[in-house]
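Below are the chains, spelled out letter by letter.
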Amino acid sequence: MLNLVLFGPPGAGKGTQSERLVERYGLVHLSTGDIFRYNIKNGTDLGTLAKSYMDQGHLVPDEVTISMLEAEVNKNPEAKGFIFDGFPRTTAQAEALTKFLASKGTEIHLMVALAVEEDELVKRLLLRGEHSGRADDTDESIIRNRIQVYNDQTAVVADFYAAQNKFKNIDGIGSIDEISERLYAAIG
Ligand code: AMP
């Protein structure tokens, strides 16, 4: 199996690059943000709960997010591996993921992070908000809040993987192709 975490702040290009990695490595893409949005669209209880956090740019509580993620992994028993996109976002999520994958006899092999500075992120997210239909992409104060949450609660997750020699930082500025090539080189 090959299990990757694609990491980085909101607007770094994780979704776009995940599509490339799915094609190249034949992995199953699990984006917790996408799964929450799917639940919101379908009016599930999980969606209603998640929406109240997402609309503010806050994180959905760990217990909810972790059990949802585990259920999604369990739906794909034949997977050659996974790309986790937008998860783990807290150290508690990272610890839970380690335990969960260990129970399946596997692990995270590498976290690759896309580095993009804040002003560029805000610019990209506002642009995306013109088409994405995402309420959390249209309001600059909510965007800044999401970046703040990333800096306060999520950035430390990189240390968790760095301590295990499983972390690589990638320059997230450039064309989509250039960034894909950097990722392929990092993943090997
Ligand atoms: P994203 O699509 O990754 O930008 O996520 C959109 C929103 O979904 C985030 O701002 C959070 O409110 C929520 N979310 C996504 N992934 C997680 C996670 N791993 N933990 C908590 N909340 C999450």
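It should be emphasised that the depicted structure is a prediction, and the values quoted were computed from it without experimental measurement. (Residues numbered from 1 in each chain as written. Predicted model: local features only at pLDDT ≥ 70, side-chain atom pairs only at ≥ 80, totals over all residues. Heavy atoms only, no water.)

### A few points about the pairing of strand β3 (residues 81–85)
- Most of β3 sits inside the fold, with five of its five residues counted as buried.
- Pairing between strand β1 (residues 2–7) and β3: five bridges, direction parallel. Directly across from L4, in β3, lies its bridge partner I83.
- Where strand β2 (residues 28–31) and β3 come together, four bridges link them in parallel fashion. When the sheet's bridge partners are listed, S31 is paired in β3 with D85. (Buried < 20%, exposed > 50% of the residue type's maximum accessible area, 1.4 Å probe, protein only. Helix = DSSP H or I, 4+ residues; strand = E, 2+ residues; numbered from the N terminus. Pairing = 2+ DSSP bridges.)

### Some points on the packing of aromatic side chains
- The tally for this structure, following the rule as stated, stands at four aromatic pairs.
- Seen from their ring centres, F160 and Y161 are 5.0 Å apart, and the 75° between their planes marks the pair as edge-to-face. Of the two residues, F160 and Y161, neither departs from the other in class, the shared state being buried.
- Above the ring of Y184, the side-chain terminus of R24 is found at 4.0 Å from the ring centroid. (Phe/Tyr/Trp six-rings, centres within 6.5 Å; stacked < 30°, edge-to-face > 60°. Lys NZ or Arg CZ within 6 Å of the ring centre and 35° of its normal.)

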